[in-house]
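Topology and contacts: notes
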Amino acid sequence: MALAKTVYNLLFRRTSTFAVTIMVGAVFFERVFDQGGDAIFEQMNRGKLWKHIKHNYESKEEE
Amino acid sequence: MMSLAARSGAFSPYLQTTAFIVAGPLKPLVPSVVVKSEKFLIDPKKPFLCRETLSSQSPKTGPAVTVSINGRAGVRFAHTDIRVPDFSDYRRPEVLDPHKSSQESSESRRAFSYLVTGVTAVVGVYSAKTVVTQFISSMSASADVLAMSKIEIKLGDIPEGKNMTFKWRGKPLFVRHRTEKEIEAEAAVSLSELRDPQHDKDRVLNPKWVIVLGVCTHLGCVPIANAGEYGGYYCPCHGSHYDASGRIRKGPAPLNLEVPYYEFPDEETVIVG
């Protein structure tokens, strides 16, 4: 309750700060969303991607 | 009773008994009186230009029609059969009780509403940015075109004092390995002698290597390396002389040979483009 009041008065009350909050929030949301999506993709495809099997081939070439 | 009412014809409304006496809207108990007013502030000649002029066309000197003090201004019919709809499903839990003050919970309800709005806007901004980025990046060059636009040259193959020509983006590219003597001579040239004043150190990253496009700035011929009066390049078409830094020194060409963007990833290679 106190937190909601503080957040409302600090960020949501004025249109200007509300807009700035949305913009800054979008930047962080983009980063979290994109990296989270990539992490889920790699988790589901573990062992199939090139960067997971790359070391198998590199060591042979060097020898 | 019903049969009597049915037979009585025109008198049937007066013979029926009713539970409620309702005054109809068209028959007030005391007839309304029309008050004559002397002046109406109407200017019929005034043109209709906006809402303001339109409202000035209506009378505004008090009410033109009035009723007596115990006359009825309006009629309320007793609709006891209509139930007030129940909106509890659509209400927030804090305001379900109509006897409780809603002001106590207004802070949290307002914060929640704005939070939902803000989160929606954040997701909207992200989606819009992604869509716009996709469309714009579809206009940029594809990976195969970008790969064709670069050339990697092994510098160890070019002996000192020699010039080699490569094909880069459909044009000849001169890579010249200068000698110490040439470097000193070009660095010492005064800018006042030059048609297109440019110091040698502004045209090279590493003074040992001069990398220029082999297109004469006059009419686009390909100059001959290690020829001409200044020991650099000589264009056979109309006799333009360039020095060992690719700068125009004599002849009709107006500008120095163009220097493309290049970088040295290590000592032995250069990547142009």
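Now for a description of the structure that goes with this document. (Residues numbered from 1 in each chain as written. Chains lettered and ligands numbered in written order. Predicted model: local features only at pLDDT ≥ 70, side-chain atom pairs only at ≥ 80, totals over all residues. Heavy atoms only, no water.)

Across its full length, chain B holds seven helices and twelve strands. Across the 273 residues that make up chain B, the buried fraction comes to 27%. Taking as baseline every contact in chain B between residues at least 6 positions apart, the subset at least 24 positions apart corresponds to 50%. As presented, chain B carries roughly 19500 Å² of accessible surface, and 60% of it is formed by carbon and sulfur atoms. (Helix = DSSP H or I, 4+ residues; strand = E, 2+ residues; numbered from the N terminus. Buried < 20%, exposed > 50% of the residue type's maximum accessible area, 1.4 Å probe, protein only. Contact = heavy atoms within 4.5 Å. Areas by Shrake-Rupley, 256 points an atom, 1.4 Å probe, with all protein chains shown as cover.)

With that out of the way, let us pick up the interface of chain B and chain A. Between chain B and chain A, the contact holds 15 residues from the first and 13 residues from the second. When the buried area of chain B at its contact with chain A is split by residue, E107(B), Y114(B) and Y126(B) rank highest and sum to 42% of it. Linking chain B to chain A there are one salt bridge. Across the pair K129(B) and E30(A) runs a salt bridge whose closest N-O atoms are separated by 2.4 Å. Our enumeration of links across chain B and chain A arrives at two residue pairs in polar contact (both at pLDDT 80 or more). (Buried area = accessible area lost by both parts, 1.4 Å probe. Salt bridge = Lys/Arg side-chain N within 4 Å of Asp/Glu carboxyl O. Polar contact = N/O pair within 3.5 Å; in protein donor to acceptor, adjacent residues only side chain to side chain.)

Another aspect to go through is the packing of aromatic side chains. Aromatic rings considered in pairs are described by the distance between their centres and by the relative angle of their planes. Evaluation of the coordinates by the stated rule reveals eleven aromatic pairs over all chains. Judged by centre distance (4.9 Å) and plane angle (5 degrees), the rings of F174(B) and Y233(B) are stacked. Of this pair, F174(B) sits in strand β5 (residues 171-177) while Y233(B) sits in strand β8 (residues 231-235), and the two are 59 residues apart along the sequence. Per residue, the accessibility class of F174(B) equals that of Y233(B), and both read buried. For the pair Y262(B) and F264(B), a centre-to-centre distance of 5.7 Å together with 90 degrees between the ring planes defines the contact as edge-to-face. Judged by relative accessible area, which is 5%, Y262(B) ranks as buried. The structure contains a cluster of three or more aromatic residues connected by ring pairs, namely Y8(A), F12(A), F18(A) and Y114(B). Here the basic side chain of R176(B) rests over the ring of Y233(B), its NZ or CZ set 5.3 Å away from the ring centre. (Phe/Tyr/Trp six-rings, centres within 6.5 Å; stacked < 30°, edge-to-face > 60°. Lys NZ or Arg CZ within 6 Å of the ring centre and 35° of its normal.)

Turning our eyes to something else, we now look at a negative patch on the surface. On the surface, a cluster of negative charge is made up of E152(B), D157(B), D266(B), E267(B) and E268(B). Along the chain, the position of E268(B) falls in the loop between β11 (262-266) and β12 (269-272). (Patch = residues over 30% accessible without salt bridge, like charges linked within 9 Å, V, L, I, M, F, W, Y side chains within 5 Å. Lys, Arg positive; Asp, Glu negative; His and termini not counted. Charge placed at Lys NZ, Arg CZ, Asp CG, Glu CD.)

Right, let's get into the packing of helix α1 (residues 2-12) of chain A against helix α2 (residues 15-44) of chain A. All names here are of chain A. One way to put it is that α1 packs onto α2 with a least axis distance of 7 Å and a crossing angle of 100 degrees. What the angle tells us is that α1 and α2 run roughly perpendicular. Residues L10, L11 and F12 of α1 form the contact with α2, whose own contacting residues are T17, F18 and T21. Partitioned by chemical class, the residues of the contact of α1 with α2 number four nonpolar, two polar and no charged. (Axes fitted to C-alpha atoms, helices over the stretch in contact; angles between N-to-C directions. Parallel < 35°, antiparallel > 145°, perpendicular 65-115°, else oblique. Nonpolar A, V, L, I, M, F, W, Y, C, P; charged D, E, K, R; others polar.)

Remember that the coordinates give geometry; whether it matters functionally is a separate question.
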